[in-house]
Amino acid sequence: MQLEYFHMIDRIVDLKVDEKTIVVEAQVPQESTIFEGHFPGYPLMPGVLLIESMAQASGWLQLGVFRFERMPILAAVKEAKVRGSVFPGDLMSIEASLTHEGSGYAMTEAKIRVGGKLRANSALTFTLIPFPNADMRGYMAKVAERVGFPQQAVSS
Amino acid sequence: MSSTFDQVATIIAETCDIPRDTITPDSHAIDDLGIDSLDFLDIAFAIDKQFGIKLPLEKWTQEVNDGKATTEQYFVLKNLCARIDELVAAKGASA
């Protein structure tokens, strides 16, 4: 996880395009300037970054299901609940499932667990846009390689 | 069974917190009811689920942007309901 670049996801553990589910891992760093302010003496992952992590997990799922033909952009957060704290050094396991495929939009449900315990969940809505330019498309391809996106899952 | 319009009007009223009695078949979802594109996604989702169809929002938006259709054709509620009925009929025919 590189918080300063909003790189929340470290590794795609399991992407099932047919079942429209994904599991990813995200290792919260021990140190970050974010924790210097949130909070001194009690560093804690901000809830909005937990939501962003679930959105990014959902994003990789959609890139897989829609075969990199559309870029998912977070549009709405519903029923987000932070059920427990996430601390520096925690390894988050994030699972997401696609609950609805609309025309130009999609909806997901996502959960964050640490050590098997549920820490957050949310229902998210995304708009699906064409990649706006080649730079962004190329950038996402590089990030896909970094997080171990299984290209074979979308190449058949 | 309630009409397509009654079902759509109820969806809009509940999704966007708009008084049901202000929603008529001649209401324009955007111009008259003030529904924005994000709220319309929730309406489209509810319609997709309730009628078992997939509203082709991308296609409609493209047609409007290209000047091949007007927003009235798709977003005046009586016209929207006619499109829904067509999609339901097409689904039934292909089933």
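Residues numbered from 1 in each chain as written. Chains lettered and ligands numbered in written order. Predicted model: local features only at pLDDT ≥ 70, side-chain atom pairs only at ≥ 80, totals over all residues. Heavy atoms only, no water.

Asker: How should the state of the cysteines be read in this particular structure?
Answerer: Structurally, a disulfide amounts to a covalent bond that connects the sulfur atoms of two cysteines. Residues and elements named next belong to chain B. Inspection of the entire model under this criterion finds zero disulfides over all chains. Cys16 takes part in no disulfide bond, and the closest cysteine sulfur to it belongs to Cys81, at a distance of 14 Å. What makes Cys16 buried here is its relative accessible area of 19%. Since its relative accessible area comes to 5%, Cys81 is described here as buried. (Disulfide = S-S within 2.5 Å. Buried < 20%, exposed > 50% of the residue type's maximum accessible area, 1.4 Å probe, protein only.)

Asker: How should I be thinking about the interface of chain B and chain A in this particular structure?
Answerer: A common way to express how large an interface is: the accessible area buried when the components associate. Residue-level contacts link 12 residues of chain B with 15 residues of chain A. Summing both sides of the interface, chain B and chain A together bury roughly 1000 Å²; the carbon and sulfur share of this comes to 56%. Scanning the region where chain B abuts chain A turns up two salt bridges. Run the count over chain B and chain A and you get seven residue pairs in polar contact (both at pLDDT 80 or more). Of all the secondary structure elements, the ones that give two or more residues to the side of chain B that touches chain A are α2 (37-51) and α3 (57-65) of chain B. (Contact = heavy atoms within 4.5 Å. Buried area = accessible area lost by both parts, 1.4 Å probe. Salt bridge = Lys/Arg side-chain N within 4 Å of Asp/Glu carboxyl O. Polar contact = N/O pair within 3.5 Å; in protein donor to acceptor, adjacent residues only side chain to side chain. Helix = DSSP H or I, 4+ residues; strand = E, 2+ residues; numbered from the N terminus.)

Asker: Help me understand the UniProt feature "domain: Carrier" (unreviewed entry) in chain B, please; the structure alone is not making it clear to me.
Answerer: Taken from the UniProt record, the annotation "domain: Carrier" (unreviewed entry) applies to residues 2-88 of chain B. With 62% helix and 0% strand, the stretch residues 2-88 of chain B has end C-alpha atoms that lie 15 Å from each other. (UniProt positions renumbered as here; feature names shortened; annotations may be inferred.)

Asker: Is there a simple way to think about the layout of surface pockets in this case?
Answerer: Where empty space is left in the structure can be found by rolling a water-sized probe over the atoms. Taken as a whole, the largest pocket holds about 560 Å³ of empty space. Taken together, 22 residues line the largest pocket, and the ones lying closest to its centre are Ser37(B), Leu41(B), Leu57(B), Glu58(B) and Thr61(B). Ranked by the residues each element gives to the lining of the largest pocket, the list is headed by α3(B), at six residues. Here the residues of the lining of the largest pocket sort into 12 nonpolar, eight polar and two charged. The space that makes up the second largest pocket amounts to roughly 380 Å³. The set of elements that each furnish at least two residues to the lining of the second largest pocket consists of α2 (47-65), β3 (71-82) and α3 (134-146) of chain A. Per element, the largest residue contribution to the lining of the second largest pocket is six residues, and it comes from α2(A). (1 Å grid on protein atoms, 1.4 Å probe; cavity = no way out; pocket = protein on both sides within 12 Å on 5 of 7 lines; lining within 4 Å. Points joined across faces, edges and corners; volume = space filled by probe spheres on them. Nonpolar A, V, L, I, M, F, W, Y, C, P; charged D, E, K, R; others polar.)

Asker: Would you take a moment to explain helix α5 (residues 77-94) of chain B for this structure?
Answerer: Every α-helix winds through 3.6 residues per turn, so residues three or four apart in the chain are directed the same way. Residues and elements named next belong to chain B. A rise of 1.5 Å per residue sets the reference length of α5, with its 18 residues, at 26 Å; its end C-alpha atoms lie 26 Å apart and thus fit the reference within 8%. Among the residues of α5, those classed as buried are Leu77, Leu80, Cys81 and Ile84. Seen from one end, α5 has its buried residues packed into an arc of 100°, which puts them on one side. For α5, exposure combined with an orientation more than 90 degrees from the buried face picks out Ala93 and Ser94. (Expected span 1.5 Å × (residues − 1). Arc of directions from axis to C-beta.)

Asker: What exactly am I supposed to notice about a nonpolar patch on the surface here?
Answerer: On the surface, Phe39(A), Tyr42(A) and Phe87(A) cluster together into a nonpolar patch covering about 290 Å² of accessible area. Examined against the element boundaries, Tyr42(A) turns out to sit in the loop between α1 (33-37) and α2. (Patch = residues over 30% accessible without salt bridge, like charges linked within 9 Å, V, L, I, M, F, W, Y side chains within 5 Å. Areas by Shrake-Rupley, 256 points an atom, 1.4 Å probe, with all protein chains shown as cover.)

Asker: Can you help me understand the packing of α2(B) against α5(B) in this one?
Answerer: Residues and elements named next belong to chain B. Contact geometry for α2 and α5: axes closest at 11 Å, N-to-C directions at 35°. For the pair α2 and α5, the crossing hand works out as right-handed. Contacts between α2 and α5 involve Phe40, Ile47 and Phe51 on the former and, on the latter, Leu80, Ile84, Val88 and Lys91. In terms of residue class, the contact of α2 with α5 is built from six nonpolar, no polar and one charged. (Axes fitted to C-alpha atoms, helices over the stretch in contact; angles between N-to-C directions. Left-handed = near helix turned anticlockwise from the far one by under 90°.)

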